[in-house]
Amino acid sequence: MKQILLGITGGIAAYKSAELIRLLRKDNYEVRVVMTQSALQFMTKLTLQALSGNPVHSELLDAGQENSMGHINLARWADSLLIAPASAHCIAKLSYGLADDLLSTLYLAAECPVYLAPAMNQSMWHKAITQTNIDRLKQQGVHIIGPESGSQACGEYGLGRMSEPEAIANYLNAQHTPTPLKHKKILITAGPTREALDPVRYITNRSSGKMGYALATQAKLMGAEVILVSGPTQLPIPHGVHLVAVESAADMHTAVMQHIQGQDIMIAAAAVADYTPTSIATEKIKKEGTHTELSLRKTKDIVADVANLNNKPFTVGFAAETHNLQHYAQDKLARKKLDMIAANWVGQAEGGFDSAVNALQVYWPNGSQSLPLTDKTQLAKQLLILIAEIYHAKNTA
Ligand code: C5P
């Protein structure tokens with residue numbers, strides 16, 4: 001288990017530390033928390049102790065704590081030191097090597113990698129002295145995560161917001177994640193499509209986009225440059241990924257063809273509509289009679305068109321099936337000329353569309369592997385490692 005020391009300084013962003021601890025523990029970190037005196041004004045020790053499962057430290061000279069785990073031992077215990085939020089004051093102190101409280105002393109004593117997630121008012125962030133301090137710390141090998149731009153607690157707008165806990169956790173995980181996709185260009189389709197019937201109605205499906213977005217997030221963490229062509233979803237844009245938002249199957253086809261040149265790998269995780277209305281009514285269709293019929297025509301098969309290109313990328317499709325999984329998946333692999341297909345059961349109690357978990361049976365021309373039921377983040381990691389392996393094998397053959 002990875003051991004992380006989380007330093008919290010005084011700032012309104014300290015409330016995000018609670019979520020950060022939860023995410024870190026989910027990612028298998030043992031977390032010990034150190035709070036400055038001003039952090040104690042924003043969060044209670046009790047909350048963070050309950051979340052981290054460990055006593056929270058705040059005093060440099062505390063006889064009781066020195067007996068259980070002194071500050072030098074605490075610094076030695078950590079595999080990494082993360083300070084989030086890191087206030088302008090804390091950054092200034094660290095950059096000059098001052099050690100007048102527990103956290104700054106730990107920083108000086110620590111020999112492990114150090115990460116700071118700054119959080120402050122945008123004018124404070126832009127002040128020359130703050131930027132000089134940040135540069136000094138960077139030169140000494142400290143990793144700076146963020147800050148982000150956005151509306152601030154003080155009512156102003158600009159750079160200085162602490163990065164979201166998820167982005168911080170992703171950054172740390174990336175330090176421990178293998179990078180088998182380094183510098184590879186990957187285009188991923190995700191989500192459902194919407195096929196308009198008239199100005200207010202459309203046909204769609206239950207895809208949430210979670211699998212495609214998890215693949216985009218993890219591919220980025222594994223070192224890839226990622227383009228995510230996505231139908232409408234409720235999901236946040238994965239950090240560092242280039243999002244191309246589309247609506248219909250035809251829009252998705254156009255966007256993919258515009259971006260496919262030069263891509264090394266394409267993963268088609270979108271649930272693309274197979275049929276679309278033959279025409280879109282310009283006015284709302286009126287309710288008339290007891291029955292009505294829709295006229296639909298087939299959409300273009302995006303992944304098959306990509307697999308037919310000269311210079312085609314390594315092409316991975318998905319197959320969602322309710323029966324005969326292996327037969328239909330292998331048929332699609334051959335018919336669409338794919339390099340790999342990831343098949344899953346849909347319409348079951350667990351897994352598949354609109355679910356946080358899934359299981360996959362993966363086929364390629366001369367092999368197959370099953371990836372058992374797990375959350376979509378873990379599954380995305382495992383599938384990408386498999387894709388990287390078969391992709392590299394094919395390209396070195
Ligand atoms: O033929 P079927 O729709 O079951 O194939 C599923 C795979 O094909 C998925 O990878 C899906 O993203 C892709 N697909 C596509 N364009 C379509 C239909 C499916 O890219 N019009």
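Reading the values: the criteria
Residues numbered from 1 in each chain as written. Predicted model: local features only at pLDDT ≥ 70, side-chain atom pairs only at ≥ 80, totals over all residues. Heavy atoms only, no water. Domains from an automatic or database assignment. Phe/Tyr/Trp six-rings, centres within 6.5 Å; stacked < 30°, edge-to-face > 60°. Helix = DSSP H or I, 4+ residues; strand = E, 2+ residues; numbered from the N terminus. Buried < 20%, exposed > 50% of the residue type's maximum accessible area, 1.4 Å probe, protein only. Arc of directions from axis to C-beta. Contact = heavy atoms within 4.5 Å. Pairing = 2+ DSSP bridges. Axes fitted to C-alpha atoms, helices over the stretch in contact; angles between N-to-C directions. Right-handed = clockwise from strand over helix to strand, strands pointing away. Salt bridge = Lys/Arg side-chain N within 4 Å of Asp/Glu carboxyl O.

## Side note on the domain arrangement of the chain
And step 1. Once the domains are mapped, the chain shows domain 1 (2–174) and domain 2 (185–396).
And step 2. When each unit is reduced to the centre of its C-alpha atoms, the spacing between domain 1 and domain 2 is 39 Å.

## Remarks on the packing of aromatic side chains
And step 1. Tallying each qualifying case throughout the model produces two aromatic pairs.
And step 2. Ring geometry for Tyr115 against Tyr171: centres 6.1 Å apart, planes inclined by 75°, an arrangement best described as edge-to-face. Here Tyr115, found in strand 4 (residues 114–118), pairs with Tyr171, found in helix 9 (residues 165–176); they are 56 residues apart in sequence, far enough to count as distant.
And step 3. For Tyr171, a relative accessible area of 28% corresponds to the partly exposed category.
And step 4. Aromatic side chains Phe314 and Tyr391 sit 5.8 Å apart centroid to centroid with 90° between the ring planes, which places their arrangement in the edge-to-face category. Of this pair, Phe314 sits in strand 16 (residues 314–321) while Tyr391 is found in helix 14 (residues 376–396), placing the two residues 77 residues apart along the sequence.

## Concerning helix 13 (residues 325–335)
Along an α-helix, residues three or four apart share an orientation, since each turn contains 3.6 residues.
And step 1. For helix 13, the full list of buried residues reads Leu325, Ala329, Lys332 and Leu333. The buried side chains of helix 13 occupy one side of the element, clustering within an arc of 105° when seen end-on. For helix 13, exposure combined with an orientation more than 90 degrees from the buried face picks out His327, Ala334 and Arg335.
And step 2. As for helix 13, its buried residues are in contact with strand 16, strand 17 (340–345) and strand 18 (357–364).
And step 3. Lys337 occupies a position one or two residues after helix 13 and carries a positive phi of about 60°.

## Description of the sheet that holds strand 5 (residues 143–144)
And step 1. With parallel pairing, five strands are arranged side by side in an open sheet as 2-1-3-4-5. Both edges of this open sheet fall to strand 2 (29–35) and strand 5, since each of them pairs with a single strand only.
And step 2. Where helix 5 (residues 88–96) meets the sheet, its contacts fall on strand 3 (80–86) and strand 4, and the angle it forms with strand 3 comes to roughly 140°.
And step 3. In the packing of helix 9 onto the sheet, contacts are made with strand 1 (2–8), strand 2, strand 3, strand 4 and strand 5, and the angle to strand 4 comes to roughly 160°.

## Side note on the pairing of strand 1
And step 1. Counting buried residues in strand 1 gives five out of seven residues, a clear majority hidden from the surface.
And step 2. Note that strand 1 and strand 2 share seven bridges and pair parallel. Counterpart to Leu6 in the pairing with strand 2 is Val33.
And step 3. Between the parallel elements strand 1 and strand 2, the chain passes through helix 1 (residues 16–26) in a crossover that is right-handed.
And step 4. As paired strands, strand 1 and strand 3 are joined by four bridges and run parallel to one another.

## Section: the sheet that holds strand 12 (residues 242–245)
And step 1. With mixed pairing, eight strands are arranged side by side in an open sheet as 12-11-8-13-16-17-18-19. Where the open sheet ends on each side, the last strands, each with one partner, are strand 12 and strand 19 (367–375). Here the average twist between neighbouring strands, direction ignored, is 15°.
And step 2. As defined by bridge partners, strand 18 adjoins strand 19 across seven bridges and the pair is classed as antiparallel.

## Thoughts on the pattern of salt bridges
And step 1. A full pass over the atoms with the stated rule returns 12 salt bridges.
And step 2. Taking the shortest distance from any N to any O, the salt bridge between Glu19 and Arg22 comes out at 3.0 Å. Of the two residues, Glu19 and Arg22 both sit in helix 1, three residues apart, roughly one turn of that helix.
And step 3. Put simply, Lys16, Arg161 and Glu164 are held in one network by salt bridges that share partners.

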